[in-house]
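A closer look at the structure
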Amino acid sequence: MTMDTLETVLTWSIPVSTLTVVAVGVYELRRQKRRDKSGTPVTATYINEFTAMFYGTKRMELDHRDSMSMMRDEEAQGGPPGGNDLDHGIQVRLPPESGS
């Protein structure tokens, strides 16, 4: 009798976990649309970690993504400091070139 119970649990574990992930994903999408919440949903994290268990390249991709998210974004090189805001009519005045 215990073997039948164990077999039933093992048989239904994958479909039930898949349906649970889908249900939580739908809930998170609905919640995210209503609140404009940013960030990574729990289901995406679960799927990424599950995939990383079987594919080493996925683990490298996740580690690279984490390290890139920690890097600071800087202004484009060669542009004037402060930047231009053409939508609001702010213009930047450049000093005259010396030696001409």
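So, here is what we can say about the structure in this document. (Residues numbered from 1 in each chain as written. Predicted model: local features only at pLDDT ≥ 70, side-chain atom pairs only at ≥ 80, totals over all residues. Heavy atoms only, no water.)

Side note on the packing of aromatic side chains
Summed over all chains, the structure comprises 2 aromatic pairs. Measuring from ring centre to ring centre gives 5.3 Å for Phe-50 and Phe-54, while their planes differ by 70°; the resulting arrangement is edge-to-face. One end of the pair is Phe-50 and the other is Phe-54, both in helix H2 (residues 42–54) and 4 residues apart, which spans about a single turn. Assessed through its relative accessible area of 58%, Phe-54 is described here as exposed. (Phe/Tyr/Trp six-rings, centres within 6.5 Å; stacked < 30°, edge-to-face > 60°. Helix = DSSP H or I, 4+ residues; strand = E, 2+ residues; numbered from the N terminus. Buried < 20%, exposed > 50% of the residue type's maximum accessible area, 1.4 Å probe, protein only.)

Overview of the side chain of Thr-43
Relative to the helices and strands, Thr-43 resides in helix H2. Residue Thr-43 is classed as buried on the basis of its relative accessible area of 14%. The residues contacting Thr-43, other than those within four sequence positions of it, are Val-21, Val-24, Gly-25 and Glu-28. (Contact = heavy atoms within 4.5 Å.)

Structural notes on the pattern of salt bridges
Under the counting rule described, the total for this entry stands at 4 salt bridges. Of the charged contacts in the structure, one is a salt bridge between Glu-61 and Lys-58, with a shortest N-O distance of 3.9 Å. Placement of both Glu-61 and Lys-58 in helix H3 (residues 56–69) is noted, with a separation of 3 residues, approximately one turn of the helix. Using a relative accessible area of 38% as the deciding quantity, one classes Glu-61 as partly exposed. Linking Glu-61 and Arg-65 is a salt bridge whose minimum nitrogen-to-oxygen distance equals 2.7 Å. Of the two residues, Glu-61 and Arg-65 are both situated in helix H3; the distance of 4 residues between them amounts to about one turn of the helix. Owing to a relative accessible area of 40%, Arg-65 belongs among the partly exposed residues under this scheme. Counted as one network, the salt bridges with shared partners bring together Glu-49, Arg-59 and Asp-63. (Salt bridge = Lys/Arg side-chain N within 4 Å of Asp/Glu carboxyl O.)

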